[in-house]
Amino acid sequence: MHAVPAAVRAAPKAPSVVAKGGYVMNDATGTSYFTKAADTRRSTGSTTKIMTARVVLAQKNLDLDKKVTVQKAYSDYIVSKNASSAHLIVGDKVTVRQLLYGLMLPSGCDAAYALADAYGKGSTRAKRVSSFIGQMNSTAKSLGLKNTHFDSFDGIGNGGNYSTPRDLTKLASSAMKYATFRSVVKTKSTKQKVTTKNGGYRYMSWTNTNGLLSSYSGTIGVKTGSGPEAKYCLVFAATRSGRTVIGAVLASSSEANRTADAKKLMDYGFKR
């Protein structure tokens, strides 16, 4: 009997995932561990909001405590699109930091709109939103995301919102370099005190849609997404024994399968 070399014996079998696209890599080195249609463009759903946050966090002289007044346009938008919401209340003054929690935990499209309106340039809301989406696309370009394009600030696109598992993973890796982003996306739930229109205050409670934070040890983020076209998406990251793996699954068939897919890919990444 010849002894099997350790390297041969240790190579784990690549997992099979339900998602149409999947990718996982070593966050520190960028080494790919798993690819499945990793460069095929697909609709991204609310994983788009990773870029929304990334653009905000890269603003020059960013003041996270700057207050933004919630406009009626934001709540009208939620109603018209039947979109996921942070339940922002018109007239309330909410800080940029709080908007980032509202964006990433309950996946608030109203929070996304507020941030786009606050950080886009232009004399009208439409121009500011368009300018913000422009910043999303120029950031994608600067990060070398060749298969990524945005036509919305929240993932409710008009057919021009797409990315790939590899690009979304690279984007998330870049966003995770911001301490604020890291602390937001690893938060399971938060209660935030906001100022009301008449100078009083109320508490907003937000719970993270990312179930991995409770069910997969070492999870540090990142963002769920879903939609009629996007199906079930998840950008995920976890750290164990000082090693971080990060990845994405796009177009899985259910919430349960999206979670199972992500766990399989992280398990595989950690075995590599």
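Keep in mind the model is a prediction, meaning the values are calculated, not measured.

Draft legend 1. How the structure looks around helix α5 (residues 109–119). Within α5, ten of the eleven residues are buried, which leaves the element mostly enclosed by the surrounding structure. All of the buried residues in α5 are C109, D110, A111, A112, Y113, A114, L115, A116, D117 and Y119.

Draft legend 2. Seen up close, the packing of helix α3 (residues 72–81) against α5. Relative orientation of the contacting elements α3 and α5 amounts to 140°, with a least axis distance of 9 Å. Taken together, the axis directions place α3 and α5 in an arrangement best described as oblique. Here α3 and α5 pass one another in a crossing that is right-handed. Where α3 abuts α5, its residues A73, Y74, Y77 and I78 lie against C109, D110, Y113, A114 and D117. Classifying every residue of the contact of α3 with α5 gives seven nonpolar, no polar and two charged.

Draft legend 3. Looking closely at the side chain of Q98. Here Q98 shows up in helix α4 (residues 96–104). Given a relative accessible area of 7%, Q98 falls into the buried group. Polar side-chain contacts of Q98 include one of 2.8 Å to the backbone oxygen of K193. With near-sequence residues (within four places) excluded, Q98 lies in contact with Q192, K193, V194 and W206.

Definitions and cut-offs
Residues numbered from 1 in each chain as written. Predicted model: local features only at pLDDT ≥ 70, side-chain atom pairs only at ≥ 80, totals over all residues. Heavy atoms only, no water. Buried < 20%, exposed > 50% of the residue type's maximum accessible area, 1.4 Å probe, protein only. Helix = DSSP H or I, 4+ residues; strand = E, 2+ residues; numbered from the N terminus. Axes fitted to C-alpha atoms, helices over the stretch in contact; angles between N-to-C directions. Parallel < 35°, antiparallel > 145°, perpendicular 65-115°, else oblique. Left-handed = near helix turned anticlockwise from the far one by under 90°. Contact = heavy atoms within 4.5 Å. Nonpolar A, V, L, I, M, F, W, Y, C, P; charged D, E, K, R; others polar. Polar contact = N/O pair within 3.5 Å; in protein donor to acceptor, adjacent residues only side chain to side chain.

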